[in-house]
2 protein chains.
Amino acid sequence: MSKILRYSIGNPIKTEAVVQKIPKEKGELPYFKYVQKMEVTKQTKDGKEQDSLVYKLNCEDKIYGLGENVRGINKRGWIYKSNCTDDPNHTETKSSLYGAHNFFVIDGKETFGVFLDYPGKLILDMGYQRMDELCITPEEWNLDLYILEGDSVLDIVKTFRQIIGRSYIPPKWAFGFGQSRWGYQNEEDIRTVVRGYRENGIPLDSVYLDIDYMEQFKDFTVDEKHFPNFPEFVEEMKQEHIHLVPIIDAGVKIEEGYEVYEEGIQNGFFCKEQDGKEFVGAVWPGKVHFPDVLNKRARKWFGKKYKYLLAQGIEGFWNDMNEPAIFYSEKKLEATLKKIKAMENKNMDMWEVFAFRDMVMGLSNHPEDYASFYHDMDGTIICHDKVHNLYGYGMTRAAGEAFEELEPEKRILIFSRSSYIGMHRYGGIWMGDNQSWWSHLLLNLKMLPSLNMCGFLYTGADLGGFGSNVTEDLLLRWMALGIFTPLMRNHAALGTREQECYQFTQTELFRKLIGIRYGMMPYIYSEYMKAALNHEMLFLPLAFVYPEDRHAKEIEDQLLMGESIMIAPVYTQNATGRYIYLPEPMKLVRMKSIEEIETEILEQGHYYIEIALDEVVFFIRPEKMVPYTESGQYMEEIQEKEIKLLHFVTGTAEYKLYQDNGYEKDYENPNHIKKLHVEN
Amino acid sequence: MSKILRYSIGNPIKTEAVVQKIPKEKGELPYFKYVQKMEVTKQTKDGKEQDSLVYKLNCEDKIYGLGENVRGINKRGWIYKSNCTDDPNHTETKSSLYGAHNFFVIDGKETFGVFLDYPGKLILDMGYQRMDELCITPEEWNLDLYILEGDSVLDIVKTFRQIIGRSYIPPKWAFGFGQSRWGYQNEEDIRTVVRGYRENGIPLDSVYLDIDYMEQFKDFTVDEKHFPNFPEFVEEMKQEHIHLVPIIDAGVKIEEGYEVYEEGIQNGFFCKEQDGKEFVGAVWPGKVHFPDVLNKRARKWFGKKYKYLLAQGIEGFWNDMNEPAIFYSEKKLEATLKKIKAMENKNMDMWEVFAFRDMVMGLSNHPEDYASFYHDMDGTIICHDKVHNLYGYGMTRAAGEAFEELEPEKRILIFSRSSYIGMHRYGGIWMGDNQSWWSHLLLNLKMLPSLNMCGFLYTGADLGGFGSNVTEDLLLRWMALGIFTPLMRNHAALGTREQECYQFTQTELFRKLIGIRYGMMPYIYSEYMKAALNHEMLFLPLAFVYPEDRHAKEIEDQLLMGESIMIAPVYTQNATGRYIYLPEPMKLVRMKSIEEIETEILEQGHYYIEIALDEVVFFIRPEKMVPYTESGQYMEEIQEKEIKLLHFVTGTAEYKLYQDNGYEKDYENPNHIKKLHVEN
């Protein structure tokens, strides 16, 4: 019995996160109390008082959700801030990553969901100040607060997913493995990558183009020096069964004669300062303007620009820097240099030097800059910092809406760095600029169900880590999780160790590992499609499926993936195995490759399971099955003609296999479902 | 059968790490091969070639040691750099922390120890570039390389500990709990802390004075405004059974009339540049000179300065900033400001702004600064960067040698941030400026045995974490490990959440937890003293004690502490228990307080053990016992008159209890050993 209550507080800004009409409640807000609290971001006790909504937590209560964030599946015990931020250092004491996903479910003495539809800064104290209090503190009390009730956590999540609309579905080739690196400069660099994979027999479907492919980092341009005939090169790659996936950044370079800039200026499509002049930020291209993607007309205009690349054969994109990141603003840099000049003949003391350093470091993503420009939200002029968390959503919506017009018959790949709930209808996200840390392998796993709760199904982390230097064993272990994530991409930053799979000594292991991904595609794709179409989660915490099992409810390093399997990757270096809890009897599947499979039936209970570097282990649930097929070097080779079955069926069971051509949009066509049966 | 081989390569600098005379070997170096390798610090393949010593690793080989460092007990799979560094961001991809501890043991197809007595930069690739190679690459080939062989890892470690000399022994009160915070400004702040503990009945023995107590951060001064009568205040605190422990920094403020500065200048005791002028760095006091603690006369002079505080009743110190940290140098700051000035009327592009930012950030701890000043090592002028890793050692040795003269009859507490093997004879270390990260709780545990291998027994981490904001549960869990570490101190940085135990809601839990520490003092102190006197480890990896147990050899989150117990703290948030492996039958001890104890005998095997936030769990080994006593509010209250016993003895067993007055130095007096017997 699910119930949705909407409490409209103050004057909320329309985000279009929710697509269903939910009437406003008039009664009192249940569960919460308004309390005057000391400012929760202050650590000492001299903060100012502010209004918070407080919920009293029971010792056993758990809190799930918050999408892309640090820490556990159970979010309890930390303070989070909804404030889309370009910060590549995802340590556990950060409060914000790239997205703002204000949906969570409290599960315990009372079980209910909360969605805070609020695009400004929001502080969520999940038992940080006091272990027994959850406090909600938005910067301003203008928001829609939804309370969701239901029979179970899963029921509440499904209800939420229904009201926010169907999740984005990518083309099927986007489930293939992709290689990326900031630093592929030209055609030859990309050919080298493709050759490296093909010659080693390691499957590959796409190569991502980071900012290097553009001419001076200008959106919707291609550097002709390094890509003299881009459409021809795109075609050459297609012959190799490789999709090129270019990046698009939020900022548009200020450059006379550059079409995108000129059009934006002429039509007033860029964000403006109070005096009506375009705001000047600086990102990769140097000085830029930001398209006002919260304005319908500007959004439509910006979306149409993707045509430039679609027309050259491109079928997928990633939207980046759309928090939006600001390396510095023109004004802030000027003011900083002026202040430094004033120091010139002064004998600076220690604290002045610190202030000087902080000032220079603080040039990036400065709150004053975010408060200094405005959006025209279809008539209403609104300061950016009040709608900050909608920017990435707006940009990706621009692309998504344009694709519907430009390519009505075809799925286009699109995923974003920054996001807000609602954006999940237009594209996926990747988990941002992570690091080659073992702890980020586990963080990757923990984010999956939290993101799924918020509608983001097409997602994955930069396998091997973006920043810092990877080790071969970390990459192998991370890929053993990555083979299950819809977006499976290896990506690394300029200046880090080269981390394409063929750069290491044990290429054979990578070949087999990725081969397992391709071989399991019948299951992976079916589960993705069914989750999207039925508003369900693809990755589930054990807590959601075994709510009566006290131990299962605490598990933070195992997940259910789809209806049939449980995954439990190794995430510590030098370990040759790990502890795994089976909440019910399961069949252990041990694969060295898609052809080398061993299975073993295990009873419910705790196990230490050996998992070598060259193995993938997962578990099949009772009366469930996993269709798989022969592997291939790229998605088109996976014909799925001969479907094999791994199963743990003792009676009779049915599996709904989803098969379509992978690029058309008639998702609901009943012919796409093929029923597989096992009878014993 | 232990064997020590010394290979003297080039022209090694005398570090006095080793105190035994070991003859030079003339034959060929065993185990290793010289190989021309690409520069290992380069990630791409365009590095220059350099000589490395390479050892071929077997798949099963493990590598233990390296003292204070990131990553596992098994150091395999990363690249480390011996280069004492003030970097508070101890993420897993760092290569250097504050110490340089170049001793490790390879355990596998061949088992042997290696000590690289080399005070310059040293790169240790422990299977990073290739998983099957260990490479040693010093900046210059001037070093003493020791190969140690023995019957077991423990045997090799003991041999090493013997040749480097007996570990430092602190006064017994230094095993009590201490509170610290950067930011206690004056007498009243400290009284508030003491009151907070005493009123809540939480045991406390010391309060640490961070840089705030000094007058303008000048070493060997006390700010008279905030501490108008320091000796009286020290005495007042002693009446409360509280020891004040002031910090001493490496840099000496440049200030005319300031005695330490004037004496240093007059006697030429500061490090100089090539032209003979004193090098000017800047740290907390602003511009400073660095005492040349590698020079015997200067060291003697600096050590004597501690008398200023000893004479006022102080009995313990911590030496900080002695990597030495340099916030900036006079020259580098000038050059930077000049460069910024040149930018003034230039329209900077993106890359120039990045370069500008990097330049400002790079002011701290700049390699050029370390290469620009010199030591006079008793006649030999040597550039700092060639002996960089000896500085903290020299500073702490200055103190240690002085204490022997100034207080020959009394133990003085001293521990340091930076260190090198050899310094362990003069003082302890704390694990530096860690963070309030759950991962640092585990890192704390992992560093303990590695540090013990290198001679550092008196050690511990800043409980709760120094940087970032702690949560109550993290502090509780961390303290549950901290009650076993010789140095047990809660310390936090300015601007972070107040983390004294009485700041939280569950003060009762902290009271009982620290009470367990005090109650177990008979065991903790006995084990420390025996480890120090017999050159043994206090904390041991299971691998060292159960070398035939394949599973035990991999365990990275349990330790043996002393001869009788195994510890296995909870280190993940929201967990109510954890997996624990018992390599042999053990008796589980569950304490809610030193008076509320439950036990249970468990067979060898894997367990999931529930451990609530209000519990300490540890395990007693077969035929072993743990003496304990009534708890108290401070160490003097622990009379150890009534010794109680926890034990898992089925036959007969003996335990050597070490009891002395805790401040005298007749460590070897046989009367200090009392034999306890259990017979069944």
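Every value quoted in this text rests on a predicted model; they were computed, and no experiment measured them.

Looking only at helices and strands, chain A has 15 helices and 39 strands in total. Expressed along its principal axes, the backbone C-alpha trace of chain A runs to roughly 80 × 65 × 55 Å. By the burial criterion, 66% of the 680 residues in chain A qualify as buried. Look at the contacts in chain A between residues 6 or more apart in sequence, and 73% of them connect residues 24 or more apart.

What follows deals with the interface of chain B and chain A. If you look at the interface, chain B gives 74 residues, while chain A gives 74 residues. For the pair chain B and chain A, the two sides together bury roughly 6100 Å², of which 57% comes from carbon and sulfur. By the criterion of area lost to chain A, the three top residues of chain B are Met131, Met350 and Tyr579 of chain B, representing 11% of everything that side buries. Counting the contacts that link chain B with chain A gives two salt bridges. The interface formed by chain B and chain A contains 27 residue pairs in polar contact (both at pLDDT 80 or more). Elements that contribute at least two residues to the side of chain B that touches chain A include exactly strand 16 (281–283), strand 17 (286–289), helix 7 (330–343), helix 8 (350–361), helix 12 (438–453), helix 13 (472–482), strand 31 (577–582) and strand 34 (605–610) of chain B. Looking at which element gives the most residues to the side of chain B that touches chain A, the answer is helix 8 of chain B, with eight residues. Looking at the side of chain B that touches chain A, its residues break down into 30 nonpolar, 27 polar and 17 charged.

With that settled, consider the sheet that holds strand 29 (residues 559–561) of chain B. Residues and elements named next belong to chain B. The strand order 28-29-30-35-32-33 describes an open sheet built from six strands, whose pairing is antiparallel. Strands with a single pairing partner mark the edges of an open sheet, and in this sheet they are strand 28 (539–541) and strand 33 (597–602). Here the average twist between neighbouring strands, direction ignored, is 30°. Direction of pairing for strand 28 relative to strand 29: antiparallel, over a ladder of three bridges. Counted as the bridge partner of Leu540 is Leu560 from strand 29.

Okay, the nonpolar core next. Judged by nonpolar contacts, the single largest core of 497 residues is most densely connected at Phe618 of chain A together with Phe618 of chain B. Residues in contact with Phe618 of chain B, not counting those within four places in the same chain, are Phe484, Met520, Ile565, Met566, Ile567, Lys587, Leu588, Val589, Met591, Val626 and Leu646 of chain B.

What follows concerns the confidence of the model for chain A. Residue and element names in this part refer to chain A. Across chain A, the average pLDDT comes to 96, with 98% of residues at 70 or higher. Within chain A, the element-level pLDDT minimum falls on strand 2 (residues 33–38), averaging 84, and the maximum on strand 30 (residues 565–567), averaging 99. Among the scores for the predicted complex, ipTM is 0.97 and pTM is 0.97.

This brings us to the pattern of salt bridges. Summed over all chains, the structure comprises 93 salt bridges over all chains. Here Arg195 of chain A ties to Glu188 of chain A by a salt bridge, and the two come within 3.5 Å at their closest N and O atoms. Judged by relative accessible area, Arg195 of chain A falls into the partly exposed class, the value being 38%. Note that Lys300 of chain B and Glu405 of chain B form a salt bridge whose closest N and O atoms lie 3.6 Å from each other. Taken together, the residues span a long stretch of sequence, with Lys300 of chain B in helix 5 (residues 296–304) and Glu405 of chain B in helix 11 (residues 391–406) at a distance of 105 residues. Judged by relative accessible area, which is 45%, Glu405 of chain B ranks as partly exposed.

Attention now goes to the packing of helix 7 (residues 330–343) of chain A against helix 8 (residues 350–361) of chain A. All names here are of chain A. Close contact between helix 7 and helix 8 brings their axes to 10 Å; oriented N to C, the two are set at 160°. Considering their axes alone, helix 7 and helix 8 lie roughly antiparallel with respect to each other. Pair helix 7 / helix 8 crosses with left-handed handedness. Contacts between helix 7 and helix 8 pair Thr336, Lys339, Ile340 and Met343 from the former with Glu352, Phe356, Met359 and Val360 from the latter.

Turning to the side chain of Gln179 of chain A, a few remarks are in order. All names here are of chain A. Mapped onto the secondary structure, Gln179 falls in strand 12 (residues 177–179). The exposure class assigned to Gln179 is buried, which follows from its relative accessible area of 0%. A polar side-chain atom of Gln179 sits 3.2 Å from the main-chain carbonyl oxygen of Asn490. With near-sequence residues (within four places) excluded, Gln179 lies in contact with Tyr184, Val193, Tyr197, Leu204, Ser206, Val207, Tyr208, Asn490, Glu500 and Cys501.

What follows is about the relation of the copies chain B and chain A. Between the two copies, chain B and chain A, the superposition gives an RMSD of 0.0 Å; the rotation angle is 180° and the shift along the axis is 0.0 Å. Taken together, these values place the two copies in the relation of a two-fold axis. The share of interface residues of chain B whose copies in chain A are also at the interface is 100%, consistent with both copies meeting through the same surface.

Attention now moves to the packing of aromatic side chains. Residues and elements named next belong to chain A. With the rule as written, the count across this model stands at 108 aromatic pairs over all chains. Here Tyr525 and Tyr658 contribute two aromatic rings whose centre-to-centre distance is 6.1 Å and whose plane-to-plane angle is 65°, an arrangement assigned as edge-to-face. Of this pair, Tyr525 sits in helix 14 (residues 521–533) while Tyr658 sits in strand 38 (residues 652–658), and the two are 133 residues apart along the sequence. With respect to burial, Tyr525 and Tyr658 carry one shared label: buried.

What follows deals with the side chain of Arg517 of chain B. All names here are of chain B. With respect to the helices and strands, the residue Arg517 is situated in helix 14 (residues 507–519). One buried charged side chain, Arg517, makes no salt bridge at all; its nearest oppositely charged neighbour is Asp205, positioned 8.3 Å away. Within polar-contact distance, the side chain of Arg517 engages the backbone oxygen of Phe175 at 2.7 Å. Not counting residues within four places of it along the chain, the set of residues in contact with Arg517 comprises Phe175, Gly482, Ile483, Phe484, Thr485, Pro486, Met488 and Ile524.

This next bit is on the sheet that holds strand 35 (residues 616–620) of chain A. Residues and elements named next belong to chain A. The strand order across the open sheet built from six strands is 28-29-30-35-32-33, with neighbouring strands paired in antiparallel fashion. The sheet is open, and its two edges are formed by strand 28 (539–541) and strand 33 (597–602), each paired on a single side. Across the sheet, the axes of successive neighbouring strands diverge by a mean angle of 30°, strand direction being ignored. Bridging between strand 29 (residues 559–561) and strand 30 involves three bridges; their strand directions are antiparallel. Looking across to strand 30, one finds that Leu560 is bridged to Met566.

Turning next to the environment of Trp284 of chain B. Within the fold, Trp284 of chain B resides in the loop between strand 16 and strand 17. For the pair Trp284 of chain B and Phe160 of chain B, spaced 124 residues apart in sequence, the C-alpha separation works out to 38 Å. Not counting residues within four places of it along the chain, the set of residues in contact with Trp284 of chain B comprises Met350, Trp351 and Phe354 of chain A together with Trp182, Ile211, Phe217, Asp249, Met321 and Phe327 of chain B.

Residue and element names in this part refer to chain A. Along helix 4 (residues 259–267), the positions that sit buried rather than exposed are Val260, Tyr261 and Gly264. Taken down its axis, helix 4 places every buried residue within 100° of arc, on the same side. Those residues of helix 4 that are buried lie in contact with strand 15 (252–253), strand 17 (286–289) and helix 5 (296–304). In the stretch just after helix 4, Gly268 is the one whose phi turns positive, near 65°.

All right, on to helix 13 (residues 507–519) of chain A then. All names here are of chain A. In a regular helix each residue adds 1.5 Å, so 13 residues correspond to 18 Å; helix 13 covers 18 Å between its end C-alpha atoms and thus fits that length. In terms of burial, helix 13 is a largely internal element, ten of the 13 residues being buried. Restricting attention to buried positions, one finds in helix 13 the residues Thr507, Leu509, Phe510, Leu513, Ile514, Gly515, Ile516, Arg517, Tyr518 and Gly519.

Residue and element names in this part refer to chain B. The N-to-C vectors of helix 12 and helix 13 enclose an angle of 10°; their axes lie 10 Å apart at closest approach. Viewed along their axes, helix 12 and helix 13 adopt a mutual orientation that is roughly parallel. Here helix 12 contributes Trp438, His440, Leu441, Asn444, Leu445 and Leu448 to the contact with helix 13, which in turn contributes Asp473, Leu474, Arg477, Trp478 and Leu481. Tallied by class, residues from the contact of helix 12 with helix 13 come to seven nonpolar, two polar and two charged.

Residues and elements named next belong to chain A. The topology assignment puts Gly316 in strand 18 (residues 316–320). Sequence separation of Gly316 and Leu448 is 132 residues, and the distance between their C-alpha atoms is 22 Å. Apart from the residues within four sequence positions on either side, Gly316 is in contact with Trp173, Leu244, Val245, Pro246, Ile412 and Leu413.

A few words now on unusual backbone geometry. For the bond from Glu323 of chain A to Pro324 of chain A, the omega torsion is -10°, close enough to zero to count as cis. Relative to the helices and strands, Pro324 of chain A is located in the loop between strand 18 and strand 19 (328–329). For Arg71 of chain B, which is not a glycine, the phi torsion comes out positive at approximately 75°. Tracing the chain through its elements places Arg71 of chain B in the loop between strand 4 (62–65) and strand 5 (79–82). The exposure class of Arg71 of chain B is buried, given its relative accessible area of 10%. Positive phi values are uncommon outside glycine, yet Asp378 of chain B reaches one of about 50°. Structurally, the position occupied by Asp378 of chain B is in the loop between strand 20 (374–377) and strand 21 (380–383).

Calculation notes
Residues numbered from 1 in each chain as written. Chains lettered and ligands numbered in written order. Predicted model: local features only at pLDDT ≥ 70, side-chain atom pairs only at ≥ 80, totals over all residues. Heavy atoms only, no water. Helix = DSSP H or I, 4+ residues; strand = E, 2+ residues; numbered from the N terminus. Buried < 20%, exposed > 50% of the residue type's maximum accessible area, 1.4 Å probe, protein only. Contact = heavy atoms within 4.5 Å. Buried area = accessible area lost by both parts, 1.4 Å probe. Salt bridge = Lys/Arg side-chain N within 4 Å of Asp/Glu carboxyl O. Polar contact = N/O pair within 3.5 Å; in protein donor to acceptor, adjacent residues only side chain to side chain. Nonpolar A, V, L, I, M, F, W, Y, C, P; charged D, E, K, R; others polar. Pairing = 2+ DSSP bridges. Axes fitted to C-alpha atoms, helices over the stretch in contact; angles between N-to-C directions. Core = buried A, V, L, I, M, F, W, Y, C linked by side-chain atoms within 4.5 Å. pLDDT = per-residue confidence, 0-100. Parallel < 35°, antiparallel > 145°, perpendicular 65-115°, else oblique. Left-handed = near helix turned anticlockwise from the far one by under 90°. Least-squares fit on C-alpha atoms with pLDDT ≥ 70 in both. Phe/Tyr/Trp six-rings, centres within 6.5 Å; stacked < 30°, edge-to-face > 60°. Lys, Arg positive; Asp, Glu negative; His and termini not counted. Arc of directions from axis to C-beta. Expected span 1.5 Å × (residues − 1).

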